[in-house]
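Chain and residue survey
Residue strings, one per chain:
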Amino acid sequence: MLFLLVATLGCGNVYSQTKKPVRHTNSVAAKKKAEAEAKVKAEAEAKAKAEAEAAERGRIAVSNAKCNFSFTGRAFNSRQNDENYVVFEIPSMSASELKASVYTILSSMYKSPKDAITSLSDNMIQLEGFSPCLYTFDLPSAQKKAANHLIFNIIIQFKDGKVRYNSPTLKSLYIKVINGLTEETIDLSRGYKDLFEDEKERTSIENYFNNMITSINSKLQNSNDW
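First, a word on what this report is: a plain description of the structure on this page. (Residues numbered from 1 in each chain as written. Predicted model: local features only at pLDDT ≥ 70, side-chain atom pairs only at ≥ 80, totals over all residues. Heavy atoms only, no water.)

Remarks on the overall build of the protein chain
A tally of helices and strands in the protein chain yields four helices and nine strands. Moving toward the C terminus, one meets the helices and strands of the protein chain in the order α-β-β-β-α-α-β-β-β-β-β-β-α. With 226 residues in all, the protein chain has 31% of them scored as buried. Long-range pairs, those at least 24 residues apart, make up 55% of the contacts in the protein chain with a sequence separation of at least 6. Just so you have it, the protein chain exposes about 14700 Å², and 55% of that area is on carbon and sulfur atoms. (Helix = DSSP H or I, 4+ residues; strand = E, 2+ residues; numbered from the N terminus. Buried < 20%, exposed > 50% of the residue type's maximum accessible area, 1.4 Å probe, protein only. Contact = heavy atoms within 4.5 Å. Areas by Shrake-Rupley, 256 points an atom, 1.4 Å probe, with all protein chains shown as cover.)

Structure follows, in structure tokens:
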């Protein structure tokens, strides 16, 4: 009897000892499976995030490329939207950083910045500019040319990651005959719908403002790529 009891106890120990490794093996397998699933999920999330970021960069690039105006001779039209403004995006810069940078860029373009640039609020500035000899045209009555000098203003607004250029306002057109005495100033504040009928004139005005905006945006982008 004693031998049988010992043998039985011994079998119980053997059974008990053989079950523990089985439970341990299952636990390790479950842990590895969970880790593998977590890795797959993390990789999928990282891929989705990278794709979303790439798509957003693409959207911004396309939008920024259209950050300019067309000029019909009657009004400035945005090439980005149906509004009277265009927006350039730099997501990594705050509104205050963008305003400070644009102010610095504009200041470098004018001999007397304080006379041309006015801070209207924390997120808005106004540029009142003068474009000498924007374009010339032939006078029909003589072999002379007349030079047009344009006075304008443009309001620029700022949000985090965005610079908004409102459509330019043409204030006055100063016409001077080259090698002549005739001078004339035309008040444009009441409208100019019938004044710029020549395509060369319209293109010159359109290019002037678009080149200015492109130059500002390019310098902004470069200052952000440090």
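Considering the side chain of asparagine 166
Note on placement: asparagine 166 falls in strand β7 (residues 162-166). Among the polar contacts listed, one links the side chain of asparagine 166 to the side chain of glutamine 157, at a separation of 2.9 Å. Separated by 2.8 Å, the side chains of asparagine 166 and arginine 164 make a polar contact. Look past the residues within four positions of asparagine 166 in its chain and what remains in contact with it is Phe69, Asn84, Tyr85, Ile154, Ile155 and Gln157. (Polar contact = N/O pair within 3.5 Å; in protein donor to acceptor, adjacent residues only side chain to side chain.)

A closer look at the nonpolar core
Counting 40 residues, the largest nonpolar core has Leu127, Tyr165, Leu170 and Phe196 as the members making the most contacts within it. Those elements that place two or more of their residues in this core are β1 (69-71), β3 (85-89), α2 (95-107), β5 (124-138), β6 (145-159), β7, β8 (169-177) and α4 (199-224). In this view, leucine 127 contacts Leu106, Tyr110, Ala116, Ile117, Phe152, Asn153, Ile154 and Met212; residues no more than four positions away in its chain are not counted. (Core = buried A, V, L, I, M, F, W, Y, C linked by side-chain atoms within 4.5 Å.)

A few points about α2
With 13 residues, α2 extends 18 Å from end C-alpha to end C-alpha; this agrees with the ideal 18 Å at 1.5 Å per step. Buried within α2 we find Ala95, Leu98, Lys99, Ser101, Val102, Ile105 and Leu106. Buried residues of α2 fall within an arc of 165° about the axis and therefore sit on the same side. Residues of α2 that are exposed and point over 90 degrees away from its buried face: Ser96 and Thr104. (Expected span 1.5 Å × (residues − 1). Arc of directions from axis to C-beta.)

Brief notes about the layout of surface pockets
It is the rolling of a water-molecule-sized probe over the atoms that shows where space remains empty. Counted as a void, the largest pocket has a volume near 190 Å³. Forming the walls of the largest pocket are Tyr85, Val87, Glu89, Asn123, Gln157, Phe158, Lys159, Lys162, Val163 and Arg164. Elements that contribute at least two residues to the lining of the largest pocket include exactly β3, β6 and β7. Here the lining of the largest pocket is composed, by residue class, of four nonpolar, two polar and four charged. (1 Å grid on protein atoms, 1.4 Å probe; cavity = no way out; pocket = protein on both sides within 12 Å on 5 of 7 lines; lining within 4 Å. Points joined across faces, edges and corners; volume = space filled by probe spheres on them. Nonpolar A, V, L, I, M, F, W, Y, C, P; charged D, E, K, R; others polar.)

What about the pairing of β6?
Examined bridge by bridge, β6 and β8 share eight bridges and lie antiparallel to one another. The residue of β8 that forms the bridge with isoleucine 151 is serine 172. Bridge count between β6 and β7: four bridges; the pairing is antiparallel. By the bridge assignment for β7, isoleucine 156 is matched with tyrosine 165. In this structure, the hairpin formed by β6 and β7 is closed by a connection of two residues, where glycine 161 is found at a positive phi of approximately 80°. (Pairing = 2+ DSSP bridges.)

Details of the packing of aromatic side chains
Scanning the model with the defined rule gives nine aromatic pairs in all. Ring centres of phenylalanine 76 and phenylalanine 209 lie 5.5 Å apart, and the angle between their planes is 85°; on these two criteria the pair is classed as edge-to-face. Of this pair, phenylalanine 76 sits in strand β2 (residues 76-78) while phenylalanine 209 sits in helix α4; the two residues are 133 residues apart in sequence, bridging distant segments of the chain. Like phenylalanine 209, phenylalanine 76 is buried. Grouping aromatic residues by their ring pairs yields a cluster made of Phe69, Phe71, Phe76, Phe152, Tyr192, Phe196, Tyr208 and Phe209. The lysine or arginine in question, arginine 164, covers the ring of tyrosine 85, its NZ or CZ lying 3.8 Å from the ring centre. (Phe/Tyr/Trp six-rings, centres within 6.5 Å; stacked < 30°, edge-to-face > 60°. Lys NZ or Arg CZ within 6 Å of the ring centre and 35° of its normal.)

Describing the pattern of salt bridges
Within this structure, the stated rule accounts for six salt bridges. Between glutamate 56 and arginine 59 there is a salt bridge, with its nearest N and O atoms 2.8 Å apart. Of this pair, glutamate 56 and arginine 59 both sit in helix α1 (residues 2-65), three residues apart, which is roughly one turn of that helix. Exposure remark for arginine 59: the relative accessible area of 38% places this residue in the partly exposed category. In this structure, the salt-bridge partner of aspartate 194 is arginine 74, at a minimum N-O distance of 3.8 Å. One end of the pair, aspartate 194, is in the loop between β9 (183-187) and α4; the other, arginine 74, is in the loop between β1 and β2, with 120 residues separating them in the sequence. (Salt bridge = Lys/Arg side-chain N within 4 Å of Asp/Glu carboxyl O.)

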